Amino acid sequence: MPRRKTWRRSPRSCTASSERFAAVVARGAKAVVIRDQRGMRAASDGARFDRAYYQRFYLDPRTAVTSRAEMRARARLISAFTEHIGLPVRRVLDAGCGVGLLRTPLLRGLPKAEYVGLETSEYLCQRYGWVQGSLTDWRTSQPFDLVVCYDVLQYLTDREAARAITNLARLCRGVLYMTALTRGDWQRNCDQSRTDRDVHLRTADWYRQRLKRAFRPIGAGFWLRRDAPLTTWELEMA
Ligand SMILES: C[S@@+](CC[C@H](N)C(=O)[O-])C[C@H]1O[C@@H](n2cnc3c(N)ncnc32)[C@H](O)[C@@H]1O
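The rules behind these values
- All residue numbers refer to positions counted from 1 along the written sequence of the respective chain.
- Under the rules for a predicted model, residues below a pLDDT of 70 receive no local features and side-chain atom pairs below 80 are neither given nor counted, while totals for whole chains, interfaces and linings still include all residues.
- Secondary structure elements follow DSSP: runs of H or I of four or more residues count as helices, runs of E of two or more count as strands, with numbering from the N terminus.
- Exposure in this text rests on C-beta crowding, where 20 or more other C-beta atoms within 10 Å of a residue's own make it buried, 12 or fewer make it exposed, and counts in between make it partly exposed. The C-beta atoms are placed from the backbone.
- How far a helix is expected to stretch is found by multiplying one less than its residue total by 1.5 Å.
- The reported arc concerns the directions from the helix axis to the C-beta atoms and nothing else.
- By the convention adopted here, residues are in contact when the distance between their C-beta atoms, placed from the backbone, does not exceed 7 Å.
- Two strands pair under a simple rule: DSSP has to find at least two bridges between them.
- As used here, a nonpolar core is made of buried Ala, Val, Leu, Ile, Met, Phe, Trp, Tyr and Cys residues. They are joined through C-beta atoms within 7 Å.

(A) Fine view of the overall build of the chain. Of regular secondary structure, the chain possesses eight helices and nine strands. By the burial criterion, 39% of the 238 residues in the chain qualify as buried.

(B) Fine view of helix α6 (residues 158–171). Helix length check: α6, at 14 residues, gives a terminal C-alpha distance of 20 Å against a target of 20 Å (1.5 Å per residue), a fit within 8%. Among the residues of α6, those classed as buried are A161, A164, I165, L168 and L171. Seen end-on, α6 carries its buried residues on one side only, within an arc spanning 125 degrees. Close packing links the buried residues of α6 with β3 (91–95), β6 (144–150), β7 (172–179) and α8 (204–211).

(C) Structural detail: the sheet that holds strand β4 (residues 114–119). In space, the seven strands of this open sheet follow the order β5-β4-β3-β6-β7-β9-β8, with mixed pairing throughout. The open sheet has two edge strands with one neighbour each: β5 (131–132) and β8 (215–219). With three bridges connecting them, β7 and strand β9 (residues 222–225) associate as antiparallel partners. For V175, the partnering residue across the bridge sits in β9 and is L224.

(D) View of the environment of A204. For A204, the location among the structural elements is in helix α8. Sequence separation between A204 and R183 is 21 residues, and the spatial gap between their C-alpha atoms is 7.5 Å. Residues in contact with A204, not counting those within four places in the same chain, are T182 and G184.

(E) Geometry of the environment of R68. Mapped onto the fold, R68 is located in helix α3 (residues 68–85). Separated by 34 residues in the primary sequence, R68 and L102 place their C-alpha atoms 8.5 Å from one another.

(F) Local environment of the nonpolar core. Among the nonpolar cores identified, the biggest contains 48 residues, and V92, V147, V148, C149 and L176 are the most heavily contacted of them. Of all the secondary-structure elements, those providing two or more residues to this core are α3, β3, β4, β6, α6, β7 and β9. Counting residues per element, this core draws most heavily on β6, at six residues. Ignoring anything within four residues of it in the chain, the contact list for L176 reads V147, C149, L168, F215 and W223.

(G) α3, seen in detail. With 18 residues, α3 should reach 26 Å at 1.5 Å per residue; the first-to-last C-alpha distance of 26 Å fits that figure. Burial in α3 covers these residues: M71, R74, A75, I78, S79 and T82. Each buried residue of α3 lies within a common arc of 125 degrees when the element is viewed along its axis, so the set occupies one face. For α3, exposure combined with an orientation more than 90 degrees from the buried face picks out A69, A73, A80 and H84. The secondary structure elements touched by the buried residues of α3 are α4 (103–109), β6 and β7. At the C-terminal side of α3, G86 shows a positive phi close to 85 degrees.

(H) Region of the structure containing unusual backbone geometry. Phi at D151 takes a positive value of approximately 65 degrees, unusual for a residue other than glycine. Take D151: it is sitting in the loop between β6 and α6. According to the C-beta neighbour criterion, D151 is buried, with 23 such atoms within 10 Å. The phi dihedral of A220 is positive, around 55 degrees, even though this residue is not glycine. Structurally, the position occupied by A220 is in the loop between β8 and β9.

(I) A look at the pairing of β6. Most of β6 sits out of view: seven of its seven residues are buried. By the bridge criterion, three bridges tie β3 to β6 in an arrangement that is parallel. Each residue of the ladder has a partner; that of V92, found in β6, is L146. Pairing geometry for β6 and β7, over six bridges, is parallel. Among the inter-strand pairings, C149 is bridged to a residue of β7, identified as M178.

Written out as structure tokens, the structure is:
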């Protein structure tokens, strides 16, 4: 989970664009020294994602990296985009769904869809009933029309993240919505005081190169499976 930089906050916390714009105008862009990712622990073990983690990054308003309002807006974007592109969504996978902030607003926009939340966190699976498994190797007999993977891959090592991207292509037969905190986000876009820094920072190109093998980039975090029978206008593509 990122959160936009608000000058107060982010696992990924970002500043809202308008706040960021105002702040940059007022202060000038600030250079930031990033922590060397060597020495960061392997981040994808389920035990790390315990009650304290979610309390800190999601539930306590003093330290949370996102809000229900922000996640509602994201879900509206995702459902509107699938409608725009003409993708009928019957099955949606929220891979690394956390406390499930996208579930209700996604289902509101995609009323015919079945929602599956996949999580590595034992704590969350017991509490919310998500399917327990790892994005790196979880399989299903029926692929999903829409796969959402928001703010998860930065918790995986390079090897795990590469495997997860390969697996996303197996799990998704239509549209993938994927973002992860990148090195550039850490330097320029996120609120470092709230964002979880115990992650694996990679370049955006690292992700793009691997995603492009099975998906076409459509912009704004959306990726279209290359063999999906959906038409896009050339200038809509990223
Ligand atoms: C920063 S949270 C994001 C949660 C949710 N996507 C959101 O934005 O509200 C990252 C989540 O990814 C989950 N996660 C980490 N590694 C995973 C893996 N290999 N497979 C599935 N989930 C994983 C963690 O348990 C955690 O809940």
